[in-house]
Amino acid sequence: MAEFCDVALPVPLDMAFTYGVPAGAAPVVGGRVLVPFRQKRMTGIVVEIHDRPPTVKTKDILSALDSRPVLDDSLLRLGQWIADYYLAPIGEVFRSMLPLGAEFKHTIAYRITAEGHMALHLAGMSGSSARSRRTPDEQAAEFRVLNYLGMQDADSTEGPVVIEQALRSHAHASRSILDGMTRKKWIVREDVSDVRDTARTIKVALLKSAEGKLNENQRNIIELLAASGGRLSVANIRELNVPRSTLITLLKRGLIEIIDEPVAPSQSRSKPRPSPFDFVFNAAQKSALERIQERVDARKFAGLLLHGVTGSGKTAVYLAAMRAVLEAGRSAILLVPEIGLTPAVAADLHQIFGDEVAILHSALSNKERAQHWHRIRNGEARIVVGTRSAVFAPVSDLALIIVDEEHDASYKQEETPRYHARDVAVMRAKMANAVVVLGSATPSLESYFNATKNKYALIELPDRVEQRPLPEVEIVDMRQEFQETGHEQVISRKLTAEIKERLERREQVMVLLNRRGYSPVVLCRACGKALECRNCAIALTHHKREQKMICHYCGYVAPVPKACAHCGSEYVYFLGTGSEKLEELLHGMFPQARIARLDRDTVRGHEDFERTLNALGEGGLDIVVGTQMIAKGHDIHGVTLVGVVGADSALGLPDFRAAERTFQLLTQVAGRAGRGQSPGKVILQTYFQDHYAVQYAAHHDFSGFYEKELRFRSWMHYPPYSALANVLVRSVKLDEALQWSGTLGKWFEQNRHEGVRVLGPASAPIMRLKRDYRYHFVLKSASREKLNRTLRAMLSYATAQEIPRTQVIVDVDALWLM
């Protein structure tokens, strides 16, 4: 048996750690092990088992958690590719690939020491010291802690460990009290984290007998069980409002039995749309499906870009291709960009594929994610739908990966590891000899450029299904609106008239304003200063319903000001409009209309999203107001008018992708109109009506936009003509951030990096975020290899200069440079 194993741990270090394998332990490569790490216990992934003795003394693993790998060889290789390509610590990559956090419980415990016993004895002898710096309350709390720990094992100088939660509850002691006692060495803090059972179960009552004398409550329970076929969940029985003791009595008398039953996997509550197989595919859809199936049957890697206008039936092609894969006994993964899209797509898939579908996304609980993951791993589900992390689903015999709305920025993870799920999907398909289909009405410039260079096969769906027309787009110049009305308008006269007309015809309306809250800025008219977040260089947003000022970056909350925090003036001005204010304005203008809002404030979980979309689909709503949530992929046939309010504000951001993002958002939201039998119309309010992104979106002209934007990118050597990375240096101390960025800046200047252009250091556009001061470098190169080599050398130098690895963020293929 091998004596050692190398373990990748979720820590910000680019290395694996060697541990000894004790007798009786049987770790497997790709399996999890529980190990001691510094003063903690952690789970890691075994990457190698060997007999090579390390040069330093090793600790032993505590236990092997898996008898078979949780990451098979193909997923281990994929994880290693992500670590190499995105310069991410391998252990943190593996952690992001496994939704099994629920199976490990982080637990801290405390033990009294010999010094603690002595302190307890002295306290009992002499009482509190008059010279102590501690308050009487703190001394009393310390005495309660020592007394409780000492009572656990009075015969031992080293008592048993007591879980922190129980200790704090019994001794009424705060965390700071325990920390202080640990520093005095009166108590020892120990990590006793371990695995736990994550099986989701419910209590179910079984009817065994109805004989004997029963009181009214008992009879009600027995009758309810009998009417339910002799079995019912305890939760449903408690809806009778009977005392708990009644159930216990029936249990003792043997009239009922209570058992634990596994909970069925959660399913979407969204109503499935009409089956895509109920109508005949047009020629373009048939051709697209044939080309996908042809590549799948070849069992070789192929990349395809499916470019279809909004409403062209891309989803129907996806589902048909997935059905063919399932009929062949193989597996498929469908990625969608937003959690909000997952329920609708999952409902479609459940309708077609039944229990063969598993869902993976962050709105599920940890236990639900783990349950779905195990179903996939055990072969119970061969169709997987989810957001970016679903690309790591442990399916067997993978045949097809589909990335819907492949252009969407939410596929890029904004924390370590900063991978892009679209690119990971391409690499996973390549490693598995599978087919990857990237679908969008507005493909990213990089993907479309790759298709024109024959890296992907291009498939076009140029027309909407059933020969439905694309919506008419009318641009409203808000500068002219201001000149004609004499005051600032949120909703133009034209949009107001169009909404009124649709309501009279009992048609539905969507209105997009890509800004949350009531007012995005609170300004003092006297001194001119805005109310900013104390952790970020960002103005706080007024949320009227919650009566709070909220930072949308760090979550900081402040009360709504009655006076300026800087000068004390009472002339505080709430400036601008967010989706909450827009909803209020529409309620005032159309009091009879049924209006709902969809944004991060109203959608706390996937159930909220499903409820609103179901109401819209069933005709229970007249107007839906929302942020970009409403722009993505929703197929509501009753919507005939889309109003766009201020969606071009992104054009003013210092970001080379601003025009592309604006074009995509305008095109996508316009595509929500006219998807049923009635033609659609879009009213696009803008202050930049001559901007090419607005004009091309109004004419549904992707090719025109692509050609013009590509010229600008080529002149400035931006993607797709070069690879790009953003290096961010951050610290809570301004001096440190300046010093570290200056150190790296000098290194970039003094060392020649052939083929790599370095811009910076400069303060990031948002200079302070989540308490960190931020400076950044932007690196561009026509060679990914040279860029990667330069970044690795820079990280090595940063380590040598003792700049913490967590304070230097490397974002390869960065989408967000703010």
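Everything in this summary refers to the structure shown in the same document. What you are looking at is a predicted structure, and each value in this text was computed from that prediction instead of being measured.

## Quick look at the overall build of the protein
Argument step 1. Helix and strand content of the protein: 24 helices and 35 strands.
Argument step 2. Relative to a compact globule of 818 residues, whose C-alpha radius of gyration would be 28 Å, the protein shows 31 Å and is just as compact.
Argument step 3. A principal-axis box enclosing the C-alpha atoms of the protein has dimensions of 85 × 85 × 70 Å.
Argument step 4. In the protein, which comprises 818 residues, the share counted as buried stands at 52%.

## Digging into the packing of aromatic side chains
Argument step 1. Tallied over the full model, the rule gives 18 aromatic pairs.
Argument step 2. Following the ring pairs from residue to residue traces out a cluster consisting of Tyr448, Phe663, Tyr692, Phe702, Phe705, Tyr706, Phe712 and Trp715.
Argument step 3. The side chain of Lys184 reaches across the aromatic face of Trp186, ending 4.6 Å from its centre.

## Topic: the pattern of salt bridges
Argument step 1. Under the defined criterion, the tally for this structure stands at 43 salt bridges.
Argument step 2. A salt bridge links Asp601 to Arg516, with the nearest nitrogen and oxygen atoms 2.8 Å apart. Taken together, the residues span a long stretch of sequence, with Asp601 in the loop between β28 (595–598) and α19 (606–617) and Arg516 in the loop between β22 (508–512) and β23 (521–524) at a distance of 85 residues.
Argument step 3. Take Asp601: its relative accessible area is 12%, and that puts it in the buried class.
Argument step 4. Connected through shared salt-bridge partners, Glu474, Lys494, Glu498, Glu501, Arg502, Arg505, Glu507 and Lys681 make up one network.

## Points about the pairing of strand β18 (residues 398–404)
Consecutive residues of a regular strand have side chains that alternate between opposite faces of the sheet.
Argument step 1. Among the seven residues that make up β18, seven are buried, leaving the element largely enclosed by the rest of the structure.
Argument step 2. The sheet contact formed by strand β15 (residues 331–335) and β18 spans five bridges and is parallel. Opposite Ala332, over in β18, you have Leu400 as the bridge partner.
Argument step 3. The pairing of β18 with strand β19 (residues 435–440) spans five bridges and is parallel. Residue pairing across strands places Val403 opposite Leu438, the latter belonging to β19.
Argument step 4. Each parallel crossover has a hand, and for β18 linked through helix α14 (residues 421–432) to β19 it is right-handed.

## Here we look at unusual backbone geometry
Argument step 1. In this structure, the amide linkage connecting Thr416 to the following residue, Pro417, adopts the cis form with an omega of -5°.
Argument step 2. With respect to the helices and strands, Pro417 occurs in the loop between β18 and α14.
Argument step 3. For the peptide bond that leads from Pro719 to Pro720, omega is 15°, which places it in the cis range.
Argument step 4. The residue Pro720 is located in the loop between α22 (702–716) and β32 (723–731) in this model.
Argument step 5. A positive phi angle is found at Arg299, which is not glycine, with a value near 55°.

## Digging into the sheet that holds strand β33 (residues 756–769)
Argument step 1. Across the sheet, which stays open at both edges, the four strands sit in the order β33-β34-β32-β35 with antiparallel pairing between neighbours. The two strands at the open ends of the sheet, each matched to only one other strand, are β33 and β35 (808–812). Between one strand and the next, the sheet's axes are offset by a mean angle of 20°, whatever the strand orientation.
Argument step 2. Pairing analysis gives nine bridges linking β32 to strand β34 (residues 772–781), with the strands arranged antiparallel. If you follow Leu724 over to β34, its bridge partner there is Lys780.

## Topic: the sheet that holds strand β24 (residues 541–543)
Argument step 1. Within the open sheet, the three strands sit side by side as β24-β25-β26. Their pairing is antiparallel. Unpaired on one side and paired on the other, β24 and β26 (557–559) mark the two borders of the sheet. Averaged over all neighbouring strand pairs, the angle between strand axes comes to 35°, with direction disregarded.

## Things to note about the nonpolar core
Argument step 1. Formed by 112 residues in total, the largest nonpolar core has its most connected members in Leu71, Ile82, Leu335, Val424, Val644, Leu791 and Met794.
Argument step 2. Element by element, the count of residues in this core is highest for helix α1 (residues 73–85), at seven residues.
Argument step 3. Not counting residues within four places of it along the chain, the set of residues in contact with Val424 comprises Leu78, Trp81, Ile82, Tyr86, Val391, Phe392 and Tyr419.
Argument step 4. Grouped together as the second largest cluster of nonpolar side chains are 36 residues, Leu289, Tyr318, Leu334 and Leu364 included.

## Observations concerning a nonpolar patch on the surface
Argument step 1. Together, Phe712, Trp715 and Met716 make up a nonpolar patch on the protein surface, roughly 340 Å² of accessible area in all.
Argument step 2. As for its placement among the helices and strands, Phe712 is situated in helix α22.
Argument step 3. For Phe712, a relative accessible area of 31% corresponds to the partly exposed category.

## Focus on the environment of Val391
Argument step 1. With respect to the element layout, Val391 can be found in the loop between β17 (383–386) and β18.
Argument step 2. The class of Val391 is buried, set by a relative accessible area of 0%.
Argument step 3. Here the alpha-carbon distance between Val391 and Leu224, two residues 167 residues apart in the chain, equals 45 Å.
Argument step 4. If sequence neighbours within four positions are ignored, Val391 has contacts with Ile333, Leu335, Ala421, Val424, Ala425 and Arg428.

## Re the pairing of β23
Argument step 1. Burial of the side chains of β23 is restricted to one face: Val522 and Cys524 are buried, whereas none of Val521 and Leu523 on the reverse face is.
Argument step 2. Bridge analysis of β23 against strand β27 (residues 572–575) gives four bridges, and the strand direction is antiparallel. The residue bridging Cys524 from the neighbouring strand is Val572, located in β27.

## Focus on the packing of helix α15 (residues 445–452) against α22
Argument step 1. Relative orientation of the contacting elements α15 and α22 amounts to 95°, with a least axis distance of 11 Å. As far as their axial angle goes, α22 and α15 are roughly perpendicular. Residues Leu445, Glu446, Tyr448, Phe449 and Thr452 of α15 touch α22, and the partners they reach there are Phe702, Ser703, Phe705, Tyr706, Glu709, Leu710 and Arg713.
Argument step 2. A breakdown of the residues in the contact of α15 with α22 according to their chemical character gives seven nonpolar, two polar and three charged.

## Notes on helix α13 (residues 366–377)
Argument step 1. For α13, with twelve residues, the first-to-last C-alpha span of 16 Å sits near the 16 Å given by 1.5 Å per residue.
Argument step 2. Of all twelve residues making up α13, nine are buried, and the element is well covered by its neighbours.
Argument step 3. Listed as buried for α13 are Glu368, Arg369, Ala370, Gln371, His372, Trp373, Arg375, Ile376 and Arg377.
Argument step 4. Its buried side turned inward, α13 meets β16 (357–360) and β17.
Argument step 5. Downstream of α13 by a residue or two, Gly379 has a phi angle that is positive, lying close to 80°.

## Some thoughts on helix α18 (residues 579–589)
Argument step 1. All of the buried residues along α18 are Ser579, Glu580, Lys581, Leu582, Glu583 and Leu586.
Argument step 2. Of the surrounding secondary structure, the elements contacted by the buried residues of α18 are α17 (493–504), β22, β24, β28 and β29 (623–626).

## Observations concerning the environment of Ala725
Argument step 1. By the element assignment, Ala725 lies in strand β32.
Argument step 2. For Ala725, a relative accessible area of 0% corresponds to the buried category.
Argument step 3. In this structure the C-alpha to C-alpha distance between Ala725 and Val812, which are 87 residues apart in sequence, comes to 4.3 Å.
Argument step 4. What Ala725 contacts, discounting residues up to four positions off in sequence, is Phe777, Val778, Leu779, Leu787, Leu791, Asp811, Val812 and Asp813.

## Focus on the packing of helix α7 (residues 216–227) against helix α9 (residues 244–252)
Argument step 1. At a minimum axis separation of 10 Å, α7 and α9 run at an interaxial angle of 70°. What the angle tells us is that α7 and α9 run roughly perpendicular. Here α7 contributes Asn217, Gln218, Ile221 and Ile222 to the contact with α9, which in turn contributes Thr246, Leu247, Thr249 and Leu250.

## Concerning the side chain of His753
Argument step 1. By the element assignment, His753 lies in the loop between α23 (734–750) and β33.
Argument step 2. Look past the residues within four positions of His753 in its chain and what remains in contact with it is Trp747, Phe748 and Thr790.

## Describing the state of the cysteines
Argument step 1. Enumeration over the complete set of coordinates arrives at zero disulfides.
Argument step 2. Here Cys527 is not cross-linked by a disulfide; its sulfur's nearest cysteine counterpart is in Cys564, at 3.7 Å.
Argument step 3. Cys527 sits in the partly exposed class, given a relative accessible area of 33%.

About the cut-offs
- Residues numbered from 1 in each chain as written.
- Predicted model: local features only at pLDDT ≥ 70, side-chain atom pairs only at ≥ 80, totals over all residues.
- Heavy atoms only, no water.
- Helix = DSSP H or I, 4+ residues; strand = E, 2+ residues; numbered from the N terminus.
- Rg over C-alpha atoms; globule rule 2.2 N^0.38 Å.
- Buried < 20%, exposed > 50% of the residue type's maximum accessible area, 1.4 Å probe, protein only.
- Phe/Tyr/Trp six-rings, centres within 6.5 Å; stacked < 30°, edge-to-face > 60°.
- Lys NZ or Arg CZ within 6 Å of the ring centre and 35° of its normal.
- Salt bridge = Lys/Arg side-chain N within 4 Å of Asp/Glu carboxyl O.
- Pairing = 2+ DSSP bridges.
- Right-handed = clockwise from strand over helix to strand, strands pointing away.
- Axes fitted to C-alpha atoms, helices over the stretch in contact; angles between N-to-C directions.
- Core = buried A, V, L, I, M, F, W, Y, C linked by side-chain atoms within 4.5 Å.
- Contact = heavy atoms within 4.5 Å.
- Patch = residues over 30% accessible without salt bridge, like charges linked within 9 Å, V, L, I, M, F, W, Y side chains within 5 Å.
- Areas by Shrake-Rupley, 256 points an atom, 1.4 Å probe, with all protein chains shown as cover.
- Parallel < 35°, antiparallel > 145°, perpendicular 65-115°, else oblique.
- Nonpolar A, V, L, I, M, F, W, Y, C, P; charged D, E, K, R; others polar.
- Expected span 1.5 Å × (residues − 1).
- Disulfide = S-S within 2.5 Å.

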